[in-house]
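# Structural overview
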Protein chains: 2
Amino acid sequence: MTIPFNELRKKWRKDPKYLKAYGELEPEFELARELIMARAKAGLSQKELARKMGTSQPTVARLESGHKPSLKTLERYAEAVGMKVDIRLVAG
Amino acid sequence: MTIPFNELRKKWRKDPKYLKAYGELEPEFELARELIMARAKAGLSQKELARKMGTSQPTVARLESGHKPSLKTLERYAEAVGMKVDIRLVAG
DNA sequence: ATTTATTATACCAATTTTGATATAATGTTC
DNA sequence: GAACATTATATCAAAATTGGTATAATAAAT
């Protein structure tokens, strides 16, 4: 079944408040958010996505909670949700 | 001193020929190229960049030759050349 | 309220990446 | 051509991530 929208919204509402306390947007939460949205868009649970990636549900949870993955793992995640990873170095 | 432009051009000329032989653009070479260009733009040698990253020159060479780094390492590279990593999942 | 589904966390072995050293290959300067 | 600078490759120990299991917490369905 698909991920309920208000669950994602609650996550998103938590994040900005937390991040505002620190006065900046943490990059690792930005990526985690990107992953969660991509998975929601694909209509998959963590368990279903883990199967497609050839890994386990806790591994997916860890990727979506701000841990820093390897590019290899990131690309496997993206492929499992039917997308590709696009990486740029931009002016900082 | 800055990286001679024709050295980079030679690299770029090698890459497309090699890649055309396989009929596609390998993502890891795409990232490697992005890194090399960013470093060239910052006017740094691998040794100088390694110092800024807090690592060694061979580690930088490995990053720029197609090996898959962790995000943490990628962010350290980007910060050392005065940039930020921008990661998107895009339709594939 | 109970059951089921989903997500999050902890721990540890296995695997992968980093970091350092040594050194080779290539290019530049003189 | 020699000296110097830059880049590339190999190897191995250390560090970090993955993968799996167990389990807890939360949410949804009944």
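As shown above, the structure is provided for reference.
Keep in mind it's a predicted model, so treat the numbers as computed, not measured.

Conventions adopted
- Residues numbered from 1 in each chain as written.
- Chains lettered and ligands numbered in written order.
- Predicted model: local features only at pLDDT ≥ 70, side-chain atom pairs only at ≥ 80, totals over all residues.
- Heavy atoms only, no water.
- Helix = DSSP H or I, 4+ residues; strand = E, 2+ residues; numbered from the N terminus.
- Buried < 20%, exposed > 50% of the residue type's maximum accessible area, 1.4 Å probe, protein only.
- Contact = heavy atoms within 4.5 Å.
- Areas by Shrake-Rupley, 256 points an atom, 1.4 Å probe, with all protein chains shown as cover.
- Least-squares fit on C-alpha atoms with pLDDT ≥ 70 in both.
- Buried area = accessible area lost by both parts, 1.4 Å probe.
- Salt bridge = Lys/Arg side-chain N within 4 Å of Asp/Glu carboxyl O.

## Regarding the overall build of chain A
From N to C terminus, chain A includes five helices and one strand. Shown N-terminal to C-terminal, the secondary structure of chain A runs as helices and strands in the order α-α-α-α-α-β. Here chain A holds 92 residues, and 37% of them are scored as buried. In chain A, of all internal contacts separated by at least 6 residues, the share reaching a separation of at least 24 is 51%. Surface exposure of chain A reaches about 5,800 Å², of which carbon and sulfur atoms provide 52%.

## Notes on the relation of the copies chain A and chain B
The operation relating chain A to chain B is a screw motion whose rotation component is 180°, with 0.0 Å of axial translation and a residual RMSD of 0.1 Å. Expressed as an axis order, the relation between the two copies is that of a two-fold axis. In terms of proximity to the rotation axis, the leading residue of chain A is A:S70, whose C-alpha is 2.0 Å off the axis. Both copies contact each other with a shared surface, as 96% of the interface residues of chain A are interface residues in chain B too.

## Structural notes on the interface of chain A and chain B
The interface is formed by 26 residues belonging to chain A together with 25 residues belonging to chain B. In total, about 2,200 Å² of surface goes out of reach between chain A and chain B, with carbon and sulfur atoms giving 68% of it. Broken down residue by residue, the surface that chain A buries against chain B is led by A:K68, A:L71 and A:L89, which jointly contribute 29%. Counting across the chain A and chain B interface gives two salt bridges.

## Topic: the environment of A:P69
Considering the arrangement of structural elements, one finds A:P69 in the loop between helix 4 (57–63) and helix 5 (71–80). Each residue touching A:P69, except ones within four places of it in the same chain, is listed here: A:L31, A:L63, A:L74, B:S70 and B:L71.

Just geometry here; none of it tells us what the structure is for.
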